[in-house]
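# Chains, contacts and geometry: an overview
Next come the chains, spelled out residue by residue.
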2 protein chains.
Amino acid sequence: MGRKTLIDEEELISRLSNVFREVGYEGATLALLAEATGLKKASLYHRFPQGKEQMAREVLEKAGSWLEEHILAPLRAAGAPASRIDAMVKQLDAFYSGGRQACLLNMLSSARIHGGPFTEMIERVFEAWIGALSAVLLDAGLDRKTARSRAERTVMMLQGSLVFSRGMGTTRPFREFLKSLPAELRKI
Amino acid sequence: MGRKTLIDEEELISRLSNVFREVGYEGATLALLAEATGLKKASLYHRFPQGKEQMAREVLEKAGSWLEEHILAPLRAAGAPASRIDAMVKQLDAFYSGGRQACLLNMLSSARIHGGPFTEMIERVFEAWIGALSAVLLDAGLDRKTARSRAERTVMMLQGSLVFSRGMGTTRPFREFLKSLPAELRKI
DNA sequence: TTTTCTTTACCGACCGATCAGTCTAGTTAA
DNA sequence: TTAACTAGACTGATCGGTCGGTAAAGAAAA
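Described in the following lines is the structure provided in the data block. Only a predicted model underlies this, so the values are computations on that prediction, with no experimental measurement involved.

### Quick notes on helix α7 (residues 119–139) of chain A
Over its 21 residues, α7(A) extends 31 Å from the first C-alpha to the last, a length consistent with the 30 Å expected when each residue adds 1.5 Å. Downstream of α7(A) by one or two residues, A:G141 has phi in the positive range, about 110 degrees.

### Points about the protein's contact with DNA strand D
By nearness alone, 21 residues border DNA strand D, and A:L30, A:K41, A:Y45, A:K52 and B:A42 come closest of all. What you see for DNA strand D is that sugar and phosphate hold 66% of its atoms within 4 Å of the protein. In the environment of DNA strand D, a phosphate oxygen lies 3.4 Å from a nitrogen or oxygen atom belonging to the backbone of A:A28. Within the contact set of DNA strand D, a phosphate oxygen lies 3.1 Å away from a side-chain nitrogen or oxygen of B:S43. Contributions of two or more residues to the surface near DNA strand D are made by α3 (41–47) and α4 (51–76) of chain A together with α3 (41–47) of chain B.

### Description of the pattern of salt bridges
Overall, the coordinates contain 18 salt bridges over all chains when judged by the stated rule. Across the pair A:R15 and A:E11 runs a salt bridge whose closest N-O atoms are separated by 2.6 Å. Note that A:R15 and A:E11 are positioned in helix α1 (residues 9–27) at a spacing of four residues, about one turn of the helix. Under the relative-accessibility criterion, A:R15 is labelled partly exposed at 31%. For A:E11, a relative accessible area of 32% translates into the label partly exposed. Here A:E184 makes a salt bridge to B:R153, at a shortest N to O gap of 3.5 Å. In this pair, A:E184 is assigned in helix α9 (residues 172–186) and B:R153 in helix α8 (residues 144–168), connecting two distinct chains. Judged by its relative accessible area of 28%, A:E184 falls in the partly exposed class.

### Quick word on the protein's contact with DNA strand C
For DNA strand C, the set of nearby residues contains 25 residues, the closest of which are A:L6, A:A42, A:H46, B:K41 and B:Y45. Taking B:K52, its side chain carries an N or O atom lying 3.0 Å from a phosphate oxygen of DNA strand C. Counting only elements with at least two residues in the surface near DNA strand C, the list comes to α3 of chain A together with α3 and α4 (51–76) of chain B. Sorting elements by how many residues they give to the surface near DNA strand C places α3(A) first, with four residues. Classifying every residue of the surface near DNA strand C gives ten nonpolar, seven polar and eight charged.

### Re the interface of chain A and chain B
Counting residues at the interface gives 35 residues for chain A and 34 residues for chain B. Breaking the side of chain A that touches chain B down by element, the ones donating at least two residues are α1, α6 (104–107), α7, α8 (144–168) and α9 of chain A.

### Digging into the packing of α8(A) against α9(A)
All names here are of chain A. At a closest axis distance of 9 Å, the pairing of α8 and α9 adopts a crossing angle of 165 degrees. Relative to α9, α8 is oriented roughly antiparallel. The two elements α8 and α9 meet at a crossing, and its hand is right-handed. Mapping the contact onto sequence places R150, T154, M157, L158, S161, L162, F164 and S165 in α8 and P173, F174, F177, L181, E184 and L185 in α9. Among the residues making up the contact of α8 with α9, the classes are represented as nine nonpolar, three polar and two charged.

### Focus: the relation of the copies chain A and chain B
Of the transformation superimposing chain A on chain B, the axial component is 0.1 Å and the angular component is 180 degrees, with the fit at an RMSD of 0.1 Å. These values place the two chain copies in the arrangement generated by a two-fold rotation axis. Using C-alpha coordinates, one finds that chain A approaches the rotation axis most closely at A:G160, a distance of 1.9 Å. Mapped onto chain B, 97% of the interface residues of chain A again fall at the interface, so both copies present the same surface.

### So, α9(A)
Look at α9(A): 22 Å from first C-alpha to last across 15 residues, which is about the 21 Å you get at 1.5 Å a residue. Its maximal kink placed at A:S180, α9(A) deviates by approximately 40 degrees, while the proline A:P182 follows within four residues. The complete set of buried residues in α9(A) reads A:P173, A:F174, A:F177, A:L178, A:L181, A:P182 and A:L185. Next to the buried residues of α9(A) lie α5 (81–95), α7 and α8 of chain A together with α8 of chain B.

What counts and how
- Residues numbered from 1 in each chain as written.
- Chains lettered and ligands numbered in written order.
- Predicted model: local features only at pLDDT ≥ 70, side-chain atom pairs only at ≥ 80, totals over all residues.
- Heavy atoms only, no water.
- Helix = DSSP H or I, 4+ residues; strand = E, 2+ residues; numbered from the N terminus.
- Expected span 1.5 Å × (residues − 1).
- Near = heavy atom within 4 Å.
- Polar contact = N/O pair within 3.5 Å; in protein donor to acceptor, adjacent residues only side chain to side chain.
- Salt bridge = Lys/Arg side-chain N within 4 Å of Asp/Glu carboxyl O.
- Buried < 20%, exposed > 50% of the residue type's maximum accessible area, 1.4 Å probe, protein only.
- Nonpolar A, V, L, I, M, F, W, Y, C, P; charged D, E, K, R; others polar.
- Contact = heavy atoms within 4.5 Å.
- Axes fitted to C-alpha atoms, helices over the stretch in contact; angles between N-to-C directions.
- Parallel < 35°, antiparallel > 145°, perpendicular 65-115°, else oblique.
- Left-handed = near helix turned anticlockwise from the far one by under 90°.
- Least-squares fit on C-alpha atoms with pLDDT ≥ 70 in both.
- Bend = angle between axes of the 7 residues up to and from the residue.

Below, the structure is given as structure tokens:
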């Protein structure tokens, strides 16, 4: 009952995500979001009654569950730490389109909306990511403290390489970082 | 001839800079910029006839010359590489208010304005920064390639630590990164 | 089968508010 | 007296958001 959607939920969120990742929350106008999805503004409000904020929230939630499924779960899976890290690297390359797309965690954390609905989720995602990463490094034989520290540095380098890549207009820094990551994490 | 300004050029640029660093280009409304400077909108247009874009451009230019004067010049000065790096670290801590303030190079590089007036300058600043840093590392005995690579990694980690600090709502990651930086760069 | 009925997806037209930016009539100090 | 400076009222455009209504699909009724 009811007519079919022109664009299914997953594709819809994905298109919205691209916009937020490109121009951030304030830059993502409803006009841009409508254009990117092929739906008119009013239709977007049918799908997301709470408007732009809900869109960003669901996009961020989707990113969180994507991270959980494609990165953290494999990181926690059985197998040698090295191969688990290799798996993560491969997924990261896909997730950030080889460095062409920015990270939502950076683009949605502008101070204008600090204390808002994104702050908490951004913290949670960062925390989960570092937790899973440091668990792997713990498995690899590092002590708690250096495992945690190296996990944090990895996430920071990932973010930094994306910022730098965007700033320089080339994906090279991101790609080189990903390439160096397995060896980087392997050394004690 | 003419009366004195209520707020001098330097303070004015600094106040504008704070806004852009907090909320980015799209988030920085004229109302916010006026509030932050104590000037009314029309007065801002007297100081910056080309409007918001000129404000952001001059803020970015100022940041570039500040970097040149307080970071790159000391980096190129005489003295042991280690002490030059120590000097940079001290200045970075001040420039980013101990991790409380974001980097313009990140906040002004949203895709909405890509190809715009900031893109080129952002690239130039990144380039200059890495150039000066890798020159120091060259002085310290590293070969060209690893000096350049380590310089890039340093800038990326700086950016990443700022992103991570903002996302987590604490300055700890930034401060720890700065603290570890001298030792990090010292090792061959 | 064909005709309703119900439900859902979608959209054109509109809303008040705010956006960046302008204009003019002062105010202030040299 | 003059020119740098400022304020407030204004502009058209765009902002996020709302509304009444139409299009399309399956279910129920004929």
